[in-house]
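Listed below, chain by chain, are the residues.
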Amino acid sequence: METESTWASHGGVLSVHTHDSAVCDCSMRFGVYAPPQAKVRKVPVLWYLSGLTCSWANVMEKSGIQAAAAQHGIMIVAPDTSPRGDAVADDEAYDLGQGAGFYLTATQAPWSSHYKMDQYITNELQALIGKEFQANMASQGITGHSMGGHGAITLHLKHPELYKSVSAFSPITSPSMVPWGEKAMTAYLGSDKSAWQQYDASELVKKQASSANILIDTGTGDQFLEEQLKPELFEAVC
């Protein structure tokens, strides 16, 4: 792991790092906010998964999350939204390819060589955070926005032993039923919709109900509410 940059922030430290990912077969970048409490003890971890076109920078630069994290003594880990680099497959559209990994393991060419974001976050980056930071890995939660909200809910449902809490802002909760999800899952997983269910929160929760309180916050003025987000579908299944 290499540290690219660090900033003092609300008594803690915001840092950006790169490392060679064996899972994604490329260099990956992520951000970490360590609150002031991490100077003296291991602290709980909240994973933040960003949405389409985003990276670690969106939540760390725009949200002000560091102030709340410092107050409550929580470490924030912000992975990238996809593998990146000249050798990594991409698409001209904003909702496919680099910046749009959808937190799944692709099975279709050319995406299958690098696009394994779910494995990367729950296995490889999980181990790296536990090794390199003052993180209490027995106390983790996960949250996200839009595509990242989809990732947060699905990863929690599939790994409740890792992520004890889960929440999301404007998440894609039924990707099999909306244009963003249909496009991405067809490209990454193929046309057999049965393969999509393992990455669809509305399908997963039918079989793997959560013991956590799932908090979803979606604004009624969201321009994507009716066509792409459809939180009412997830609510009905729950």
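All figures in this text were calculated on a predicted structure; none of them were measured in a lab.

S.K.: Before we move on, could you go through the overall build of the protein and cite the residues and values that matter?
M.R.: When helices and strands are tallied, the protein shows eight helices and eight strands. Here the C-alpha atoms of the protein give a radius of gyration of 17 Å, agreeing with the 18 Å that 2.2 N^0.38 yields for 238 residues. If you line up the protein on its principal axes, its C-alpha atoms span 50 × 40 × 30 Å. For the protein, buried positions account for 54% of its 238 residues. Of the contacts formed within the protein by residues at least 6 apart in sequence, a portion of 67% connects residues at least 24 apart. Just so you have it, the protein exposes about 10,500 Å², and 49% of that area is on carbon and sulfur atoms.

S.K.: Give a description of the sheet that holds strand 5 (residues 75-79) that names residues and reports values.
M.R.: Pairing is mixed in the open sheet, where eight strands are placed in the order 1-2-3-5-4-6-7-8. The open sheet has two edge strands with one neighbour each: strand 1 (2-9) and strand 8 (214-217). Here the average twist between neighbouring strands, direction ignored, is 20 degrees. Note that strand 7 (residues 163-169) and strand 8 share four bridges and pair parallel. Paired with Phe169 across the two strands is Asp217, which belongs to strand 8. Sitting on the sheet, helix 4 (residues 147-158) touches strand 4 (43-49), strand 6 (135-144), strand 7 and strand 8, and the angle it makes with strand 7 is about 155 degrees.

What counts and how
- Residues numbered from 1 in each chain as written.
- Predicted model: local features only at pLDDT ≥ 70, side-chain atom pairs only at ≥ 80, totals over all residues.
- Heavy atoms only, no water.
- Helix = DSSP H or I, 4+ residues; strand = E, 2+ residues; numbered from the N terminus.
- Rg over C-alpha atoms; globule rule 2.2 N^0.38 Å.
- Buried < 20%, exposed > 50% of the residue type's maximum accessible area, 1.4 Å probe, protein only.
- Contact = heavy atoms within 4.5 Å.
- Areas by Shrake-Rupley, 256 points an atom, 1.4 Å probe, with all protein chains shown as cover.
- Pairing = 2+ DSSP bridges.
- Axes fitted to C-alpha atoms, helices over the stretch in contact; angles between N-to-C directions.

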